[in-house]
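The primary structure of each chain is shown beneath.
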Amino acid sequence: MPRLAIFASGNGTNAQRIIEYFSGHPTITVKLVLSNKPDAGVVDRAKNLGVETMVFNRLSFYETGMVPEKLTSCRIDFIILAGFLWLIPKNILTAYPGRIINIHPALLPKYGGKGMFGNSVHEAVIAAGDPESGITIHHVDENYDEGRIIFQAKCTITEKDTPESLAVKVHQLEYRHFPEVIEQTVTRDSKINPI
Ligand code: GAR
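Anyway, here's the lowdown on the structure attached to this text. (Residues numbered from 1 in each chain as written. Predicted model: local features only at pLDDT ≥ 70, side-chain atom pairs only at ≥ 80, totals over all residues. Heavy atoms only, no water.)

Most of strand S6 (residues 132-139) is tucked away: 7 of the 8 residues are buried. Bridge count between strand S5 (residues 100-104) and S6: 4 bridges; the pairing is antiparallel. Within S6, the position partnered with His104 by the bridge is Thr136. Examined bridge by bridge, S6 and strand S7 (residues 149-156) share 7 bridges and lie antiparallel to one another. Bridging across to S7, Thr136 finds its partner in Gln152. (Buried < 20%, exposed > 50% of the residue type's maximum accessible area, 1.4 Å probe, protein only. Helix = DSSP H or I, 4+ residues; strand = E, 2+ residues; numbered from the N terminus. Pairing = 2+ DSSP bridges.)

Our next topic: the nonpolar core. The biggest cluster of nonpolar side chains holds 36 residues, and the ones touching the most others in it are Leu4, Ile6, Ile18, Val30, Ile80, Phe178 and Ile182. No other element matches helix H7 (residues 163-192), which puts 7 residues into this core. Excluding residues within four positions of it along the chain, Leu4 makes contact with Phe22, Ile28, Thr29, Val30, Lys31, Leu32, Ile76, Phe78, Ile80, Ile182 and Val186. Counting 21 residues, the second-largest nonpolar core is a separate cluster that includes Phe56, Ile79, Ile88 and Val140. (Core = buried A, V, L, I, M, F, W, Y, C linked by side-chain atoms within 4.5 Å. Contact = heavy atoms within 4.5 Å.)

Structure, rendered in structure tokens:
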């Protein structure tokens, strides 16, 4: 019975979709939402949906065992990054090998790396004049946006698109695919490597 924790830094619309998707799911549950921002929308969304939350700061995340201890005490099996903007420290990567999944709002390996998040990604894609963008769901390693790709989906960019309209298209792809890809990946990887 896999138990998920979601890390998010922002509004949390993806986190909300994921929580709703797995609410009442026969095997997978979202147990915990963690954020580095106490006033992030995701914290309120999680609380409203009855999911436990934890807020941490940079020092506790990188210099203490506070977050991994919480993950262990909640018996978390997989970590989902849904708009989380900090690199995952080694102690968490080691505790969750192949069990951390991120979503990126572009077609990696293009438009990834440090500083590439949210609207800055869409601005770069529009400025480059690319005919398409999309989403990438991937495993997480010690570098930004470089882990093994699990799934990608594309959308078309027209001449009328702005970073804001592209963000809407990309969010629609995220809402449609992210929960299902999490479900498939977690179900498959729990079997390969029983918890
Ligand atoms: C999403 O578009 C996600 O792909 C992006 O942040 C947004 C969060 O939106 N993640 C990154 O840019 C990671 N590099 P949300 O808070 O409304 O779910």
